[in-house]
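So you can see what is in the structure, the chains are spelled out below.
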Amino acid sequence: MDNVWEYKCPACGGKIEFDSSSGQLKCPFCDSEFEIETIQQFNEDINAEKADDFHWEEYENKGWQEEEQNNIRNYICPSCGGEILCTNTTAATHCPYCGNPAIIPKQFSGLYKPDFVIPFQLDKEAAKTALTNHYKGKLLLPKLFKQENHINSVTGMYVPFWLYDCSAGAHMRFKGTKLHYWSDRNYNYTRTDYYSIIREGNASFTRVPADGSKSMDNTLMDSVEPFDYNGLKEFQAAYMSGFLADKYDEDAEVCKPRINERVKNSIEKLLRDTASGYTSCTAEHSSVSLSGGNVNYALLPIWMLNTKYKDKLYTFVMNGQTGKFIGNLPIDWGRFTIWLLSLFFGISLLGTLGLFLYDLLI
Amino acid sequence: MRLKKIPCVLLILLLFMAFPSALAAAESKISDTAELMTSSVRKDLNAQLSEMENTYNQSFFIVTLADLGEAGTIEQYAEAHYTNGNYLMNGVALYVCMGTRDVYIYTAGMGSYAVNAYGEDYIYDSIIPFLSGNEFDKGFENYTDLLDDFMYQYKNDIAYSESYPYKEPLVNPVNILIVLGAAALISLSIVFVMKSQLKSVRPQTMALNYAKDFQLTRQSDVFLYSRTTRTAKPKANSSGGRSGGGFGGGSSGGGARKF
Ligand SMILES: [Zn+2]
Ligand SMILES: [Zn+2]
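All values reported here derive from a predicted model rather than from experimental measurement.

(A) Structural view of the overall build of chain B. A count of helices and strands for chain B gives eight helices and six strands. The linear arrangement of helices and strands in chain B, starting from the amino end, is α-α-β-α-β-α-β-β-α-α-α-α-β-β. Burial status across chain B gives 39% buried among its 259 residues. Relative to all contacts within chain B whose residues are 6 or more apart in sequence, the contacts with residues 24 or more apart total 66%. When the accessible surface of chain B is totalled, it reaches about 13700 Å², and 58% of it is carbon and sulfur.

(B) Representation of the packing of helix α3 (residues 39–56) of chain B against helix α7 (residues 136–156) of chain B within the structure. Residue and element names in this part refer to chain B. At a closest axis distance of 11 Å, the pairing of α3 and α7 adopts a crossing angle of 10°. Considering the angle they form, α3 stands roughly parallel to α7. Within the contact between the two elements, α3 uses V41, L45, Q48, L49, M52, T55 and Y56 and α7 uses D137, F140, E141, T144, D145, L147, D148, M151, Y152 and K155. Residue composition of the contact of α3 with α7, grouped by class: nine nonpolar, three polar and five charged.

(C) Representation of the coordination of the zinc ion (ligand 1). All names here are of chain A. Around the zinc ion (ligand 1), the protein supplies C9 (SG), C12 (SG), C27 (SG) and C30 (SG) as donor atoms, at distances of 2.2 to 2.4 Å. Viewed at the metal, the four donor atoms of the zinc ion (ligand 1) are separated by angles of 107 to 113°, and the geometry they form is tetrahedral. Of note, the zinc ion (ligand 1) draws all its donor residues from one chain, in the sequence arrangement C-x2-C-x14-C-x2-C. A residue is classified by how much of its surface remains accessible, and C9, at 2% relative accessible area, is buried. Accessibility expressed as a relative area gives 40% for C12, which makes it partly exposed.

(D) Inspection of the packing of helix α7 (residues 333–361) of chain A against helix α8 (residues 173–196) of chain B at higher detail. The contact between α7 of chain A and α8 of chain B brings their axes to 8 Å, and the two run at 145°. In terms of crossing hand, the pair formed by α7 of chain A and α8 of chain B is right-handed. Residue composition of the contact of α7 of chain A with α8 of chain B, by class: 19 nonpolar, five polar and one charged.

(E) Geometry of the interface of chain A and chain B. Taken together, the contacts link 85 residues of chain A with 58 residues of chain B. Carbon and sulfur atoms supply 62% of the area buried between chain A and chain B, which totals about 6600 Å² over both sides. Ranking the residues of chain A by area buried against chain B places Y194, L355 and D359 of chain A at the top, with a combined share of 10%. Where chain A packs against chain B, one counts three salt bridges.

(F) Broad picture of the packing of aromatic side chains. Residue and element names in this part refer to chain A. Throughout the structure, instances matching the rule amount to 42 aromatic pairs over all chains. Seen in terms of ring centroids, W56 and Y164 are 5.2 Å apart; in terms of plane orientation they differ by 75°. Their pairing is edge-to-face. Residue W56 is found in strand β3 (residues 53–56), and its partner Y164 is found in strand β8 (residues 151–183); the two are separated by 108 residues along the sequence. Owing to a relative accessible area of 11%, W56 belongs among the buried residues under this scheme. A relative accessible area of 0% means that Y164 is categorised as buried.

Quick notes on the rules
- Residues numbered from 1 in each chain as written.
- Chains lettered and ligands numbered in written order.
- Predicted model: local features only at pLDDT ≥ 70, side-chain atom pairs only at ≥ 80, totals over all residues.
- Heavy atoms only, no water.
- Helix = DSSP H or I, 4+ residues; strand = E, 2+ residues; numbered from the N terminus.
- Buried < 20%, exposed > 50% of the residue type's maximum accessible area, 1.4 Å probe, protein only.
- Contact = heavy atoms within 4.5 Å.
- Areas by Shrake-Rupley, 256 points an atom, 1.4 Å probe, with all protein chains shown as cover.
- Axes fitted to C-alpha atoms, helices over the stretch in contact; angles between N-to-C directions.
- Parallel < 35°, antiparallel > 145°, perpendicular 65-115°, else oblique.
- Nonpolar A, V, L, I, M, F, W, Y, C, P; charged D, E, K, R; others polar.
- Donors = N, O, S within 2.8 Å, 3.2 Å for Na, K, Ca; no water.
- Tetrahedral: all angles 85-135°; square planar, octahedral: opposite > 155°, others 65-115°.
- Left-handed = near helix turned anticlockwise from the far one by under 90°.
- Buried area = accessible area lost by both parts, 1.4 Å probe.
- Salt bridge = Lys/Arg side-chain N within 4 Å of Asp/Glu carboxyl O.
- Phe/Tyr/Trp six-rings, centres within 6.5 Å; stacked < 30°, edge-to-face > 60°.

Shown next, in the form of structure tokens:
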């Protein structure tokens, strides 16, 4: 009995018993035949597979110094609940999220002091110009949206970001296929070769950002990435002068799943891209482990522009460092229809005319 | 090629509206003894053939028979019918016999220059599928259109032949549908690109901007097993048309065909 092993069939997952005396290795369920080395290796690989493991260091709180704290004011918007910070010298007049002008002061409570800041490189005028450029070339944008466009507010704001450093290692197993075609007199043949593809690798990730503000839409912040971290400075309250700062209300722990997901997807993509030459390549297993995970707290510069159109609030966001400008625009379905119909008729007419001309001339 | 028929059809419509009784009386171009055509098609083709007769100054007509009667072959029948009938020296006539399922294109004089051996082959190959499927209206319409095209070409240029083959007109319902379909696809993709320009807010699912020092520490590609499938090849159709002979030039070129 010592000479009988049990293996998992790579083709159907069924149990294959291997009797060394017979030397046969054929799956009783799907009739696939295998080399003994192949099936041993395959079974070793799948038995060694583990689950994801994301390990992060605890974020260490750096407190504010007394005089710094005295310089900072805290406001809350009674309308949307957004909280902002600004220095004593900055007049906070309205809520940057909903435009509500009646924001009220709130007791400043012990918050983390940011580790880093990227100071604003672009001013309010640049943000307004960028908005005008943002409208350009958008043929389906409602005319009225452009014409009536009274920007309700343009606000420069430091948004709290958690910056995550880590190194990621991953082990992946793919099932790859290669197709071969040939034919004889009566039949066309297709042979599919199946491969077990193993890839292991690691990469380090530096300062993957996630905004720590509930009021700020996560996808808006995703869309203005990336920031140039060469501009990252040691935080000083002086940088906040003249700008608002959002108060973080999602701590580093809360934002981690978003980072885990992005890092996992990235390392998986890096590994998958090394499996080339296959017709298809499907991941059968992946385990990612993060180590040396370290978090920093930074304030990053964002220009926010709000406008109302047909009672709907449109928010545009500009990266205050790089000038990247984003924001979804409304669509004019009337224009959409007109374009669609005129393109359709125009192309149909040209095509038919081409057919007629061909018949006439050739 | 087929374009010139549009004014032609318009003219016929006008004529039809002006003298309906005159047209009904002049159905002399079609002798449908076997009653293969519907009356509206009979009328239309009669008008079209009359118009062609005026244009090209040759006799054009269609004869359908239930049986050949005393004639031994459809060729003999046609020869006797054409020579004894009151027809022009030049002409092209189509004879169809239901009893023997024969079809024959008879060409007289100059008619055989316009519809030479190549032309006969071409017209037979086009209409026989309709005739054998008992789609007689379509078959005779197709015949008349093709005859018109061959005559037009002969009159205005040189006759179609092996070295100068007939080209199917590109304007046909299938091609127009293809054009419309392509136009729909192209215009839809253009407007959807225009629509996508309005959207610039997208979540990030990756962090490749922030990755560095990627190292591959293990890679193995192991062949597991193969699966082979086969599908039967579609059988090549062996029933090709006969290849055309040389230029006939006589009063009648090739022989009749079965359908
Ligand atoms: Zn199996
Ligand atoms: Zn608000």
